Amino acid sequence: MTKTDKKHFFSRLFSGIPVLGWLLGVLIAVLLERYLGEALAEILGLPKIPVLFGFVIMLKKPALIPGSLAFVILIYILPIWIIARLSAPATNAAAGFLVRRSVGLSAMIHLALLYACIHIWSDISAYRVLALKLTLISIMLTLSLNVVNGYMGEFSCSHPGFMALGAYVCSIFTVGPFINDRFFDQAILPLFLAPYIFPVALIFGGLAAAAGALFVAIPSFRTRGDYLAIISLAFMFIVKSLIENLEFVGGPRGLGGQPDLASLPTVFIWTVLCVWIINNFVRSTLGKAMNAVRDDELAAAAMTVNTRNTKMTAFLFAAFWAGVAGGLFAHVLRYVNPGTFGVQNLAEVLAMVYFGGLNSVYGSIVGAVSLNLLGEALRPLELFKWIIIPLLLILVMIFRPKGLVAFKEFDPRRVLQPKLKSE
Amino acid sequence: MVFFFQNMINALQWGSFYALIALGYSMVYSILMLFNFAHGDIFMVGAYIGFGVSTGLIALTATGVIALPNWLILVLTILFSMFLTSLVGMLVERIGYRPLRDAPRASAAITGLMIGIILETGNLALLGARRVSFPSLIETTTYNLGGVYITNKKIMIVVVSLAIMLALDQFIRRSKWGMAIRAMAFDYLVVPLMGISINTIARMTFAIGSALAAVAGILFGMAYPVLDPYMGILFGWKAFVAAILGGRGSIMGACLAGFLLGFIEIFVAMIFPSTLRDLIAYSIIMLILTFRPHGFFGEPYSAQLRL
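Here the structure is a predicted model, which is why all the values come from computation and not from measurement.

## Thoughts on the overall build of chain A
Logical step 1: A count of helices and strands for chain A gives 19 helices and 2 strands.
Logical step 2: Over its C-alpha trace chain A gives a radius of gyration of 23 Å, about what one expects of a compact globule, namely 22 Å for 423 residues.
Logical step 3: Projected onto the principal axes, the alpha-carbon positions of chain A cover approximately 60 × 55 × 45 Å.
Logical step 4: Expressed as a percentage of its 423 residues, the buried residues of chain A come to 46%.
Logical step 5: Within chain A, contacts between residues separated by at least 24 positions form 78% of all contacts whose residues are at least 6 apart in sequence.

Quick look at the structure:
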């Protein structure tokens, strides 16, 4: 008991609230913003509801800083905390009941709540929807690169290449049959079938990326070291150059006119699927074998781990998810061109992986969300954004070389559990 | 045949840029076992510093403060820019690499990438988005050797880069400092115990690499007088590939592979449409690396040595 008494004031304020409680708080907050946001913004002298927690507006017009701060506190911070705090006993009981019943059911309910939150939050403006979709796709990309660079300890540079393969193959499957386009002049299938074909198209995109990964994996996993970095880099340039030279997908002009299939729920479901499957993958025997290969390849081989197969499987698996993410990316923007999948994109994905933390699903989510949010929030600074973000990353690398939340296992059961106040 | 020789000259010129930049990658790799991803942007900074120094000197001459002939301006520009760019290189090493000496190598790669972005953006913020054109310091004269046209600039570029490579080779082989570098490349755990500071050697390697990149930048500015802040990206990554192709940490290999890459690119563009250049060049590189995983002069290492 004495230990809890001595606990810091702030940590006592926030302890003992389960994830369910926080989600409930957020739900109330976004509902408040939805129905009272306009009125409150008018009272505080803001032109409209601050789009991104007031960051953008604060940087654009410093005079509005107090107003937007007050808005954020009144709409987000206070309601979330009060609801979460007050409902803690009830939500703890509910979370406990759900986890005892079935972890799967509990996870479904949490995810449904989370989706409700982001849906209501993004309903305010189209900008939020787009930013959210791109963030979710970044999570998929970061996570899949983390499988190779974090869990397997190699350094792969070919993610933009896999993404491009996924994006183009998936687009061919949707643009070809459903849109009047240069592939078949006329649409050969009615558009209402497209949502049913889309998952198949995404999977084909992923498989194409995995097939491309085979070209990288076969020569590069014969030896260890920086070899993969080079082969994968060459592969990235080859894919980019290949697409630029393929006239039937538009060459350097790019490929546009994808049907509007990547709605927010679709992207959300695929992201959840990706996180779930990758998390199970890295916690499986194969995932542990991957870690063993990273830490000491010879010792792993001595322990009967088939190192080459392990590396191949993990690499193809990661490439598959990068391809799926690429397919979604193409359908979110509804236009792709080969210039998107270059060194710039590579630097962004690598930054998200190493910022968030190696060998950790949490880390990938943190890295992708925070860097995306930061990128959007600092947009008014224009050029200086690209000085501030790299500086931040350098600082993180210097003080936490493995990333913010590295080497942390993501166990759904522990996340969903009720949090007891005194333990 | 004339056509072939003409392209040969172009390839020699093109390859000398790659070779000079690849040397920087290779030297840093041999000491610290990591790739300096900011090196391409140091090449860009070197070109801009060369631009600044030469326009400054030309302006001084024009106003009559000092009277210098053009060739002297060129020599002074190269020397000054080498010095200033090596300071930039040492700064990059101090900020981005020294704090991470004990960290995973991939983290250092990320700081390198980020420093590269900062250099590009900083340049863009300082000088604006407009491209600057490098002053033409020497008159272009064209010689006709049996149908093959050679300009004096091309000769100068190839000769200067070969001379610098030779000087570097002699420095590494003959001087005491060169011996320290070779020792450090051989074993960076034991050599510091012999009283050679790894920080000093690393700083020196970065300085030399950056000076070479500055020379490459100025020579590039002489041949293709339009500079833009993103010119280092493509060159940097390609030279990086050349450094690997030559064998990690091998000076000789980096030079040869740089020239080889130049040859491949020029001759691919000669035979096929030039849009296929990257595709075919990288495919050839991938094939070479499949059959010679350690490059031309690299030594195979075992899995234990890495960690």
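## Let's talk about the overall build of chain B
Logical step 1: Each helix and strand in chain B was counted, giving 10 helices and 4 strands.
Logical step 2: For chain B, the C-alpha radius of gyration of 20 Å lies close to 19 Å, the compact-globule estimate for 307 residues.
Logical step 3: Along the longest, intermediate and shortest principal axes, the C-alpha atoms of chain B span 55 × 50 × 40 Å.
Logical step 4: Every one of the 307 residues in chain B was classed for burial, and the buried ones make up 48%.
Logical step 5: In chain B, the proportion of contacts linking residues at least 24 apart, taken out of those at least 6 apart, comes to 78%.

## Points about the interface of chain B and chain A
Logical step 1: Counting from both sides, the interface comprises 36 residues of chain B and, opposite them, 37 residues of chain A.
Logical step 2: Listing elements by their share of the side of chain B that touches chain A, those giving two or more residues are α4 (105–127), α8 (231–246) and α10 (277–291) of chain B.
Logical step 3: Counting residues per element, the side of chain B that touches chain A draws most heavily on α4 of chain B, which supplies 13 residues.
Logical step 4: Residue composition of the side of chain B that touches chain A, grouped by class: 25 nonpolar, 9 polar and 2 charged.

## So, the environment of glycine 298 of chain B
Logical step 1: Tracing the backbone shows glycine 298 of chain B in the segment after α10.
Logical step 2: Distance in space between the C-alpha atoms of glycine 298 of chain B and glycine 253 of chain B is 7.8 Å, their sequence separation being 45 residues.

## Observations concerning α8 of chain B
Residue and element names in this part refer to chain B.
Logical step 1: Between the first and last C-alpha of α8 there are 23 Å, a value that for 16 residues agrees with the 22 Å anticipated at 1.5 Å per step.
Logical step 2: Counting buried positions over the 16 residues of α8 gives 15, a clear majority of the element.
Logical step 3: The positive-phi residue at the C-terminal boundary of α8 is glycine 247, with phi of around 105 degrees.

## Structural notes on the domain arrangement of chain A
Residues and elements named next belong to chain A.
Logical step 1: According to the domain assignment, chain A contains domain 1 (10–117) and domain 2 (126–414).
Logical step 2: Computed from C-alpha atoms alone, the centre-to-centre distance between domain 1 and domain 2 is 30 Å.
Logical step 3: On the domain 2 side, the residues contacting the 11 residues of domain 1 number 11 residues.
Logical step 4: For the side of domain 1 that touches domain 2, the secondary structure elements donating two or more residues are α4 (55–60) and α7 (103–122).

## Description of the environment of arginine 203 of chain B
Residue and element names in this part refer to chain B.
Logical step 1: Looking at the element boundaries, arginine 203 is found in helix α7 (residues 198–223).
Logical step 2: For arginine 203, a count of 19 C-beta atoms within 10 Å gives the class partly exposed.
Logical step 3: Spatially, the C-alpha atoms of arginine 203 and isoleucine 21 are 17 Å apart, while their sequence positions differ by 182 residues.
Logical step 4: Not counting residues within four places of it along the chain, the set of residues in contact with arginine 203 comprises Met90 and Glu93.

## Examining the packing of helix α3 (residues 70–97) of chain B against α7 of chain B
Residues and elements named next belong to chain B.
Logical step 1: Two elements in contact, α3 and α7, have axes whose closest approach is 7 Å; the angle formed by their N-to-C orientations is 135 degrees. Relative to α7, the element α3 lies oblique. The element α3 and its partner α7 pack so that their crossing is right-handed. Taken together, the residues of α7 that come into contact with α3 (itself represented by Thr77, Ile78, Ser81, Met82, Thr85, Ser86, Val88, Gly89, Met90, Val92 and Glu93) are Ala202, Arg203, Phe206, Ala207, Gly209, Ser210, Ala211, Ala213, Ala214, Val215 and Ile218.
Logical step 2: A per-class count over the contact of α3 with α7 returns 13 nonpolar, 7 polar and 2 charged.

## Topic: the packing of helix α1 (residues 2–32) of chain B against α8 of chain B
Residues and elements named next belong to chain B.
Logical step 1: Packing of α1 against α8 leaves a shortest axis separation of 8 Å and a crossing angle of 65 degrees. α8 is crossed by α1, and the crossing has right-handed handedness. For the pair α1 and α8, the contacting residues are Phe17, Tyr18, Ile21, Ala22, Tyr25, Ser26 and Tyr29 in the first and Phe235, Gly236, Lys238, Ala239, Phe240, Ala242, Ala243 and Gly246 in the second.
Logical step 2: Considered class by class, the residues forming the contact of α1 with α8 number 11 nonpolar, 3 polar and 1 charged.

## Some words on the pairing of strand β3 (residues 148–151) of chain B
All names here are of chain B.
Logical step 1: For strand β2 (residues 142–145) and β3, the ladder comprises 4 bridges, and the chain directions are antiparallel. What sits directly across from asparagine 144, in β3, is tyrosine 149.
Logical step 2: As consecutive antiparallel partners, β2 and β3 are separated by 2 residues, and within that stretch glycine 146 has a phi angle of approximately 60 degrees, a positive value.

## Re unusual backbone geometry
Phi is mostly negative for residues that are not glycine, and the peptide bonds are mostly trans.
Logical step 1: Backbone geometry places asparagine 359 of chain A, a non-glycine residue, at a positive phi of 55 degrees.
Logical step 2: At methionine 33 of chain B, a position not held by glycine, the phi torsion is positive, near 60 degrees.
Logical step 3: For methionine 33 of chain B, the position within the fold is in the loop between α1 and α2 (39–63).
Logical step 4: Of the residues examined, methionine 33 of chain B has 17 C-beta atoms within 10 Å and is grouped as partly exposed.

## Considerations on the confidence of the model for chain B
As a general rule, the predicted coordinates of low-pLDDT regions are not to be interpreted in detail.
All names here are of chain B.
Logical step 1: When pLDDT is averaged along chain B, the result is 87, and 97% of the positions lie at 70 or above.
Logical step 2: Of the regions scoring below 50 in pLDDT, residues 302–307 engages in 7 contacts with residues more than four places distant in sequence or in other chains.
Logical step 3: The ipTM, which scores confidence in the relative placement of chains, is 0.86 for this predicted complex, and the corresponding pTM is 0.90.

## Description of the nonpolar core
Logical step 1: Core analysis: the largest hydrophobic core is formed by 201 residues, its most contacted members being Ala234 of chain A together with Ala22 and Val215 of chain B.
Logical step 2: Counting residues per element, this core draws most heavily on α1 of chain B, at 16 residues.
Logical step 3: Beyond its immediate sequence surroundings of up to four residues, alanine 234 of chain A is in contact with Val241, Tyr282, Ile285 and Met286 of chain B.
Logical step 4: In this structure, Ile57, Phe71, Ala95 and Cys117 of chain A belong to the second largest nonpolar core, which totals 21 residues.

## Re the environment of leucine 255 of chain A
Residue and element names in this part refer to chain A.
Logical step 1: Mapped onto the elements of the fold, leucine 255 is located in strand β1 (residues 255–256).
Logical step 2: The class for leucine 255 is buried, based on 24 C-beta atoms found within 10 Å.
Logical step 3: When the C-alpha positions of leucine 255 and leucine 141 are compared, they lie 21 Å apart, and in sequence the two are 114 residues distant.
Logical step 4: In contact with leucine 255, not counting residues within four places along its chain, are Tyr168, Ser171, Val175, Val249, Gly250 and Val336.

What counts, and at which threshold
- Think of each chain on its own: its residues are numbered from 1, step by step along the sequence as written.
- Labels are handed out in written order, letters beginning with A for the chains and numbers beginning with 1 for the ligands.
- Whole-chain, interface and lining totals are the exception, using all residues; otherwise, since this is a predicted model, local features are given only for residues with pLDDT of at least 70 and side-chain atom pairs are given and counted only at 80 or more.
- Runs of H or I in DSSP of at least four residues are treated as helices and runs of E of at least two as strands, each being numbered from the N terminus.
- Only the C-alpha atoms count toward the radius of gyration. The rule for a globule is 2.2 Å times the residue count to the power 0.38.
- Whether a residue is buried, exposed or partly exposed is read from the other C-beta atoms within 10 Å of its own C-beta, which are placed from the backbone; 20 or more gives buried, 12 or fewer gives exposed, and intermediate counts give partly exposed.
- What counts as a contact is two residues whose backbone-derived C-beta atoms lie within 7 Å of each other.
- Nonpolar residues are Ala, Val, Leu, Ile, Met, Phe, Trp, Tyr, Cys and Pro. Charged residues are Asp, Glu, Lys and Arg, and all others, Gly as well, are polar.
- For a helix, the expected span equals 1.5 Å multiplied by the number of residues minus one.
- Throughout, the edges of the domains are those of an automatic or database domain assignment.
- Axis lines are fitted through C-alpha atoms, for helices just across the contact stretch, and the angle between N-to-C directions can take any value from 0 to 180 degrees.
- Note on angle classes: values under 35 degrees are labelled roughly parallel, values over 145 roughly antiparallel, values of 65 to 115 roughly perpendicular, and the remainder oblique.
- Less than a right angle of anticlockwise turn of the near helix away from the far helix marks a crossing as left-handed, whereas a clockwise turn marks it as right-handed.
- Here the rule is simple: two strands pair whenever DSSP picks up at least two bridges between them.
- Per-residue confidence from the predictor is given as pLDDT, running between 0 and 100.
- Under the definition applied here, buried Ala, Val, Leu, Ile, Met, Phe, Trp, Tyr and Cys residues are grouped into a nonpolar core through C-beta atoms within 7 Å.

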